[in-house]
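# Notes for the structure review
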Number of protein chains: 2
Amino acid sequence: MARDPFHNVVRRALEKEGWTITADYYEIDLGEFKFQIDLAADMLLAAEREGQKIAVEVKSFIATSNVSEFHNALGQFLNYRDALAIKEPDRTLFLAVRLPVYETFFQGSFIAASVQRYELRLVIYDVEQEIFTK
Amino acid sequence: MARDPFHNVVRRALEKEGWTITADYYEIDLGEFKFQIDLAADMLLAAEREGQKIAVEVKSFIATSNVSEFHNALGQFLNYRDALAIKEPDRTLFLAVRLPVYETFFQGSFIAASVQRYELRLVIYDVEQEIFTK
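Residues numbered from 1 in each chain as written. Chains lettered and ligands numbered in written order. Predicted model: local features only at pLDDT ≥ 70, side-chain atom pairs only at ≥ 80, totals over all residues.

All names here are of chain B. With respect to the helices and strands, Phe 94 occurs in strand S4 (residues 91–98). Sequence-wise, Phe 94 and Asn 8 are 86 residues apart; in three dimensions their C-alpha atoms are separated by 16 Å. The residues touching Phe 94, leaving out its near neighbours within four places in the chain, are Ile 54, Val 56, Arg 121, Leu 122 and Val 123. (Helix = DSSP H or I, 4+ residues; strand = E, 2+ residues; numbered from the N terminus. Contact = placed C-beta atoms within 7 Å.)

Written as structure tokens, this is what we have:
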């Protein structure tokens with residue numbers, strides 16, 4: 001299974017903010033298929049804090065092409081969100097993006113418009129400090 | 001550049017139906033980046049017939065996971081469609097899917113709902129005969 005290189009960074013950042021990790025490999029079982037089985041997809045983290053439930057898709061954007069990684073991140077986010085809406089509608093999905101990628105690639109007008117259009121919920125993480133900056 | 005293994009099959013199927021291929025590697029230049037430069041993405045075909053303009057994203061779904069290929073196909077389709085809306089709004093985007101994949105994976109309720117929700121325009125191609133069946 002593919003684990004994003006920064007999966008553990010995001011896990012520790014969540015814990016620092018008081019989240020309890022309830023699944024390190026969160027799987028959404030739709031019967032037709034389990035999203036967790038998806039070899040090429042990044043694993044989701046599931047966490048809870050004071051009754052609030054979240055799932056986090058971790059993206060490092062270290063592939064050769066940010067655009068191609070964004071295609072994948074967008075499709076995966078929408079499919080996961082739609083799957084959650086069926087199976088666990090009280091869990092909110094976030095896309096975790098590294099700070100330097102957020103400050104550059106995500107500021108481009110096309111990507112910024114896409115984030116807004118598809119209502120991607122972003123959280124931004126700092127790899128060195130293992131914290132969320134936004 | 002990644003060329004889908006069935007790129008030429010779809011090209012010939014288009015020609016059989018009277019389309020003129022106007023670009024074998026159609027590129028959408030948004031200034032910020034050219035989608036054509038996207039190494040991991042499949043190339044678009046551009047074609048015209050009687051004043052109608054289309055672009056076709058070819059997907060073979062021969063990766064290890066159909067789900068993961070669908071994540072990518074969906075994200076890429078939406079980004080391409082949004083880019084076309086800016087640069088060339090009179091060109092309609094289609095996603096070309098192989099017949100056996102359409103008859104199995106795409107009939108699942110989750111995928112079928114996703115196709116409808118995101119208004120993916122599908123064309124279905126037969127690899128042996130190099131024609132569109134739908």
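From this point on, the discussion continues.
What follows concerns the environment of Thr 20 of chain A. Tracing the sequence through the fold places Thr 20 of chain A in strand S1 (residues 20–26). Contacts of Thr 20 of chain A, omitting those with residues within four sequence positions, involve Ala 47, Glu 48 and Arg 49 of chain A.

Residue and element names in this part refer to chain A. Here six strands make up an open sheet; going across it, the order is S1-S2-S3-S4-S5-S6 and the pairing mixed. Only two strands of the sheet have a single neighbouring strand rather than two, namely S1 and strand S6 (131–132). Pairing of strand S5 (residues 122–126) with S6, which is carried by two bridges, proceeds in the antiparallel orientation. Bridge pairing in S6 places Tyr 125 opposite Phe 132. (Pairing = 2+ DSSP bridges.)

On to the packing of helix H2 (residues 66–87) of chain A against helix H2 (residues 66–87) of chain B. Orientation of H2 of chain A relative to H2 of chain B, taken along the N-to-C sense of each, is 110 degrees, at an axis distance of 7 Å. Between H2 of chain A and H2 of chain B, the angle is such that the two are roughly perpendicular. On the side of H2 of chain A, the interface is formed by His 71, Asn 72, Ala 73, Leu 74, Gly 75, Gln 76, Leu 78 and Asn 79 of chain A, while H2 of chain B contributes His 71, Asn 72, Ala 73, Leu 74, Gly 75, Gln 76, Leu 78 and Asn 79 of chain B. Here the residues of the contact of H2 of chain A with H2 of chain B sort into six nonpolar, 10 polar and no charged. (Axes fitted to C-alpha atoms, helices over the stretch in contact; angles between N-to-C directions. Parallel < 35°, antiparallel > 145°, perpendicular 65-115°, else oblique. Nonpolar A, V, L, I, M, F, W, Y, C, P; charged D, E, K, R; others polar.)

It is worth spelling out the environment of Gly 51 of chain B at this point. Along the chain, Gly 51 of chain B falls in the loop between strand S2 (44–49) and strand S3 (52–59). When the C-alpha positions of Gly 51 of chain B and Val 10 of chain B are compared, they lie 20 Å apart, and in sequence the two are 41 residues distant.

Looking now at the nonpolar core. Judged by nonpolar contacts, the single largest core of 70 residues is most densely connected at Val 10 and Leu 45 of chain A together with Val 10 and Leu 45 of chain B. Once residues within four sequence positions are removed from consideration, Leu 45 of chain B is found in contact with Val 10, Arg 11, Leu 14, Ile 21, Asp 24, Tyr 26, Ala 55, Val 56 and Val 58 of chain B. (Core = buried A, V, L, I, M, F, W, Y, C linked by C-beta atoms within 7 Å. Buried ≥ 20, exposed ≤ 12 C-beta atoms within 10 Å, placed from the backbone.)

Another point: the sheet that holds strand S6 (residues 131–132) of chain B. Residues and elements named next belong to chain B. Spatially, six strands are ordered S1-S2-S3-S4-S5-S6 in an open sheet, and the strand pairing comes out mixed. Looking at strand neighbours, the two that pair on one side only are strand S1 (20–26) and S6, the edges of this open sheet. In the sheet, S1 pairs with S2 via four bridges, with the strands oriented antiparallel. Residue Thr 20 lies in a different strand from S2, and its bridge partner there is Glu 48. Packed on one face of the sheet, H2 meets S2, S3 and S4 and runs near 165 degrees to S4.

Attention now goes to unusual backbone geometry. All names here are of chain B. The backbone of Glu 50 sits at a positive phi, close to 45 degrees, despite the residue not being glycine. Of note, Glu 50 is situated in the loop between S2 and S3. For Glu 50, a count of 7 C-beta atoms within 10 Å translates into the label exposed. Despite not being glycine, Glu 119 shows a phi value in the positive range, around 50 degrees. Along the chain, the position of Glu 119 falls in the loop between helix H4 (109–117) and strand S5 (122–126). By C-beta crowding, Glu 119 is classed as exposed, having 9 other C-beta atoms within 10 Å.

Before going further, it helps to examine the pairing of S4 of chain B. Residue and element names in this part refer to chain B. In terms of burial, S4 is a largely internal element, seven of the eight residues being buried. In terms of strand pairing, S3 meets S4 through seven bridges, oriented parallel. Within S4, the residue paired with Val 58 across the bridge is Ala 96. Taking the sense of rotation as the criterion, the β-α-β connection linking S3, H2 and S4 turns out right-handed. Taken together, the four bridges between S4 and S5 define a ladder with parallel strand orientation. Residue pairing across strands places Arg 98 opposite Tyr 125, the latter belonging to S5. (Right-handed = clockwise from strand over helix to strand, strands pointing away.)

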